[in-house]
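Structural overview for review
As a plain string of letters, each chain reads:
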Amino acid sequence: MKIKGLLKGIVLLVVAVGLSASLTSCDTDDYWYDGPGWNDGTFNDPDLGGYWALVQINSENVSGYDMNYLYFNGRGRGEYYYWDNGRRYVMPTYYNSQYSGYGGDTYQINLQYGNDRPTTMNYWFTHGGNTLWFQWNEYGRTTTYVYDRINSAPW
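Residues numbered from 1 in each chain as written. Predicted model: local features only at pLDDT ≥ 70, side-chain atom pairs only at ≥ 80, totals over all residues. Heavy atoms only, no water.

Here we take up the overall build of the protein. Within the protein, the regular secondary structure consists of one helix and 10 strands. Along the protein, helices and strands appear, N-terminal first, in the series α-β-β-β-β-β-β-β-β-β-β. Scored against the burial criterion, the 155 residues of the protein give a buried share of 31%. Relative to all contacts within the protein whose residues are 6 or more apart in sequence, the contacts with residues 24 or more apart total 42%. (Helix = DSSP H or I, 4+ residues; strand = E, 2+ residues; numbered from the N terminus. Buried < 20%, exposed > 50% of the residue type's maximum accessible area, 1.4 Å probe, protein only. Contact = heavy atoms within 4.5 Å.)

Written out as structure tokens, the structure is:
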């Protein structure tokens, strides 16, 4: 009788360890969407490197809790600084660039915030590379974000 109890305990322990390992072995910190076109001609644009502060959305100035900030390390990773309910947060980002192939100097950024689905946006620079424009198209609507280069992270 004691052996049956011992065997039952061992079986339960093995099952518990197996379940524990399967639940904790999933590491999503390095998740990177590898969708169509992301590996074709992608590169890390050195001009993106550094810190950027959002200053406009669709020609409307932003301030206060609408502000957010981006950091690109030049090697495909960075950080997104944002406000939520009056609290400051930082989220890892993953990115790469690609030439859009539509003529001219049209570049796209594939940008992923944390574990969210990635977004692909057109981008360009003005003001000697100190202003970064993102243009995002979704559901037939175009949204334009304007970021200015800043010296460091806001927090």
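Still more ground to cover, so stick around.
Enumeration over the complete set of coordinates arrives at 16 aromatic pairs. Ring centres of Phe-43 and Tyr-107 lie 6.1 Å apart, and the angle between their planes is 80°; on these two criteria the pair is classed as edge-to-face. With Phe-43 in strand E1 (residues 42–43) and Tyr-107 in strand E7 (residues 107–113), this pair connects stretches of sequence that are 64 residues apart. Arranged with centres 5.8 Å apart and planes meeting at 85°, the rings of Tyr-123 and Phe-125 form a pair that is edge-to-face. Accessibility expressed as a relative area gives 24% for Phe-125, which makes it partly exposed. (Phe/Tyr/Trp six-rings, centres within 6.5 Å; stacked < 30°, edge-to-face > 60°.)

Bridge count between strand E8 (residues 119–126) and strand E9 (residues 131–138): five bridges; the pairing is antiparallel. In the strand pairing of E9, Trp-124 is matched with Trp-133. In terms of strand pairing, E9 meets strand E10 (residues 141–150) through eight bridges, oriented antiparallel. Bridged to Gln-135 within E10 is Thr-144. Hairpin geometry of E9 and E10 is characterised by an intervening segment of two residues between the two adjacent antiparallel strands and by a positive phi of about 55° at Tyr-139. (Pairing = 2+ DSSP bridges.)

What follows is about the environment of Tyr-80. Note on placement: Tyr-80 falls in strand E5 (residues 77–84). Linking Tyr-80 and Met-91, residues 11 residues apart in sequence, is a C-alpha distance of 5.1 Å.

Relative to strand E4 (residues 68–72), strand E2 (residues 50–57) is paired through four bridges, and the arrangement is antiparallel. Pairing of Gly-50 across the sheet is with Phe-72, part of E4. Here E2 runs beside E10; their pairing, made up of six bridges, is antiparallel. Bridging from a neighbouring strand, Ala-53 pairs with Asp-148 of E10. Pairing of E2 with strand E3 (residues 60–61) involves two bridges; the strand directions are antiparallel. Across the sheet, Ile-57 pairs through a bridge with Glu-60, a residue of E3. Hairpin connection of E2 to E3: two residues between the antiparallel strands, including Asn-58 at a positive phi of 50°.

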